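Residues per chain are reported as follows:
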Amino acid sequence: MSASQTSDVPTLLVKIFGKDRPGITAGLFDTLATYSVDVVDIEQVVTRGRIVLCALVTQPPSGVEGELRATVHSWADTVKLQAEIISGRGDNRPRGHGRSLVTVLGHPLTAKSTAAIAARITATGGNIDRIFRLAKYPVTAVEFAVSGTETEDLRTALATESAALGVDVAVVAAGLHRRAQRLIVMDVDSTLIQDEVIELFAGHAGCEDQVAEVTAAAMRGELDFEQSLHARVALLEGLDASVVDKVRSEVRLTPGARTLIRTLKRLGYQVGVVSGGFTQVTDDLKERLGLDFAQANTLEIVDGKLTGKVTGEIVDRAGKARLLRRFATEAGVPLAQTVAIGDGANDLDMLNAAGLGIAFNAKPVVREAAHTAVNFPFLDTVLYLLGVTREEVEAADMHLD
């Protein structure tokens, strides 16, 4: 029976709830099958061993509805469940225009913050159609399917609310593109890795304090990146090239980085990095992690020594956005289906150019400008913003093992 055919026909909503066990769904529909009803809709949720099963079915032939009701209640009693049957007409009411997916990350996710998010969705004219838990650790992640309001309006409304509540909220348009092949491009320093590579080099040159001071000012947006890059690299002049291997060994991946990349690759995503750091490190990361793209600045080495200069195209704020577009073209992925992740002011153009820009443990100016922010120190939480569940990640790992 088509949607138009069920729009005004008499229907019954059959609700079953109680302790979950195998066979409940089959048992209910075996019971209903006796009365030649058609299934219009089904919804089932199991939470902490308790099942709620709802079946919307057409009204049975005249004169047997009472028998159907009695039989369903009798069956429910035999399996120690409760039943509720409500008469009505037609299917669920049509969902409103504008469909979005709202992902909320909390550690913990409190009742207060959940209430505030739900209230703000309602205030924008949106309706929550479904809620689904994506993960319970390392953070609690839940996804709200919302209709009735535009994605951008919802994103704007929830941005202020999330900051005040101390939770992370991402709002994306619902649709097939959510599961389509995508390109993910990340910053490296303080995003993919926990370190600032220039500071690791500076540690071997004995100029950590000077470099760190310039780096901090540049990331806050107080200095032109290219000028600060040349100033910092100049402090490395004369450093032996053998230090490159030492720095590579000192690089610490951000917790969850391997899981993020491994899972994305299994899903068919392409993954790249762009960095204001150096190819001497990013090329190594590309090989170790199986990345598809990597671009950074290159330290000039002459006669086994660092010259204090960089060579080639400078990867700065504008350069990162340009590289995102280049990678997307090479990957055959529309820019709207790209995701960019970064933490500093020099990532802003890239975050704004991407279909979804994620500020990862970022400076305030970056959090305010990005589409969404993650403020937990686990890079794999980004997966939840893409609709990937923790169970899917773990199942993929078990299959690999």
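Residues numbered from 1 in each chain as written. Predicted model: local features only at pLDDT ≥ 70, side-chain atom pairs only at ≥ 80, totals over all residues. Heavy atoms only, no water.

### What about the domain arrangement of the protein chain?
Partitioning the protein chain into domains gives domain 1 (10-89), domain 2 (99-174) and domain 3 (183-196 + 252-399). Summarising the inter-unit geometry, the C-alpha centres of domain 2 and domain 3 are found 25 Å apart. Across the domain 2-domain 3 interface, the total number found is five residue pairs in polar contact (both at pLDDT 80 or more). Mapped onto the side of domain 2 that touches domain 3, the elements with two or more residues apiece are β5 (99-106), β6 (127-135), β7 (140-147) and β8 (168-173). It is β8 that contributes the most residues to the side of domain 2 that touches domain 3, four residues altogether. (Domains from an automatic or database assignment. Polar contact = N/O pair within 3.5 Å; in protein donor to acceptor, adjacent residues only side chain to side chain. Helix = DSSP H or I, 4+ residues; strand = E, 2+ residues; numbered from the N terminus.)

### Some words on helix α11 (residues 317-331)
Compared with an ideal rise of 1.5 Å per residue, which puts 15 residues at 21 Å, α11 spans 21 Å between its outermost C-alpha atoms and is within 8% of the ideal. Where α11 begins, one side-chain oxygen reaches toward the backbone nitrogen of A318, 3.4 Å away; that side chain belongs to D316. Phi turns positive, to about 70°, at G332, one or two residues after α11. (Expected span 1.5 Å × (residues − 1).)

### Examining unusual backbone geometry
The amide bond that connects H107 to the next residue, P108, takes the cis arrangement and shows omega of 0°. Take P108: it is sitting in the loop between β5 and α3 (111-123). The omega angle of the peptide bond from Y137 to P138 is 0°, so this bond is cis rather than trans. With respect to the helices and strands, the residue P138 is situated in the loop between β6 and β7.

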